[in-house]
Amino acid sequence: MSGWRVMVSIGDLGSARSGNQSKCIAEWTVGPSGLRWLHILVSDGRAVQRYFDGYPNRFILNFGTLAAFSLESGLLDERPSSLCDRNSVEIWVGSVRIDTGQWGHVEDAAVVTLDAWDMT
């Protein structure tokens, strides 16, 4: 397993197995340990994991929770090469694309779907 392709979409995409590209506000790639922070959010009750088979792994959470992680970890830096989760575990990061126009207008309480695709 080489890592994950992560896509963030506005709203709860429910049981659809493919994300709605028109609602995608961000995407990035991370190494194999790049979802640890999400599993911590699930354990803390701040996110729900819908699927866990890699096709995709799907998480539902509030945008405010995702935005806080993004700021703390460095995801929104101009060219991040790695992130640190809240346990200071470094996570390799590949390409990052964020629709800053949409990202800046999403309410903190809004629900977002985060799909993580296995890049094997």
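It should be emphasised that the depicted structure is a prediction, and the values quoted were computed from it without experimental measurement.

Caption draft 1: Quick peek at the pattern of salt bridges. Across all of its chains, the model carries 5 salt bridges by this definition. Residues Glu27 and Arg5 are paired through a salt bridge, measuring 2.7 Å at the closest nitrogen-oxygen approach. With Glu27 in strand β2 (residues 24–30) and Arg5 in strand β1 (residues 4–10), the pair connects residues that are 22 residues apart, well separated along the chain. A residue is classified by how much of its surface remains accessible, and Glu27, at 17% relative accessible area, is buried.

Caption draft 2: View of the nonpolar core. One finds Trp28, Leu61, Leu66 and Leu114 to be the most contacted residues of the largest nonpolar core, which totals 24 residues. Secondary structure elements with two or more residues in this core: β1, β2, α1 (36–43), β4 (57–62), α2 (63–73) and β7 (111–118). Apart from the residues lying within four places of it in its own chain, the contact partners of Leu66 are Val8, Trp28, Trp37, Leu61, Trp103, Val112 and Leu114.

Caption draft 3: Region of the structure containing α2. Among the residues making up α2, those that are buried are Phe63, Thr65, Leu66, Ala67, Phe69, Ser70 and Ser73. A positive backbone phi angle near 95 degrees is found at Gly74, which sits one or two residues after α2.

Caption draft 4: Quick look at the pairing of β1. Burial runs high along β1: 5 of the 7 residues are buried. Pairing of β1 with β2, which is carried by 6 bridges, proceeds in the antiparallel orientation. Paired with Val6 across the strands is Trp28, a residue of β2. Pairing of β1 with β7, which is carried by 7 bridges, proceeds in the antiparallel orientation.

What counts as what
- Note on numbering: residues in each chain are counted from 1, in written sequence order.
- The predicted origin of the model limits local features to residues at a pLDDT of at least 70 and limits the giving and counting of side-chain atom pairs to 80 or more, whereas totals for whole chains, interfaces and linings rest on all residues.
- Derived side-chain values reflect all non-hydrogen atoms in the structure, with water molecules and hydrogen atoms excluded from consideration.
- By definition, a salt bridge exists where a carboxyl oxygen of Asp or Glu is found within 4 Å of a side-chain nitrogen of Lys or Arg.
- Runs of H or I in DSSP of at least four residues are treated as helices and runs of E of at least two as strands, each being numbered from the N terminus.
- Accessible area is worked out with a 1.4 Å probe on protein chains only. A residue is then buried under 20% of its type maximum, exposed over 50%, and partly exposed in between.
- For the purposes of this section, nonpolar cores are sets of buried Ala, Val, Leu, Ile, Met, Phe, Trp, Tyr and Cys residues that join through side-chain atoms within 4.5 Å.
- Contact definition: two residues touch when any of their heavy atoms are within 4.5 Å.
- By this definition, two strands are paired if DSSP reports at least two bridges between them.

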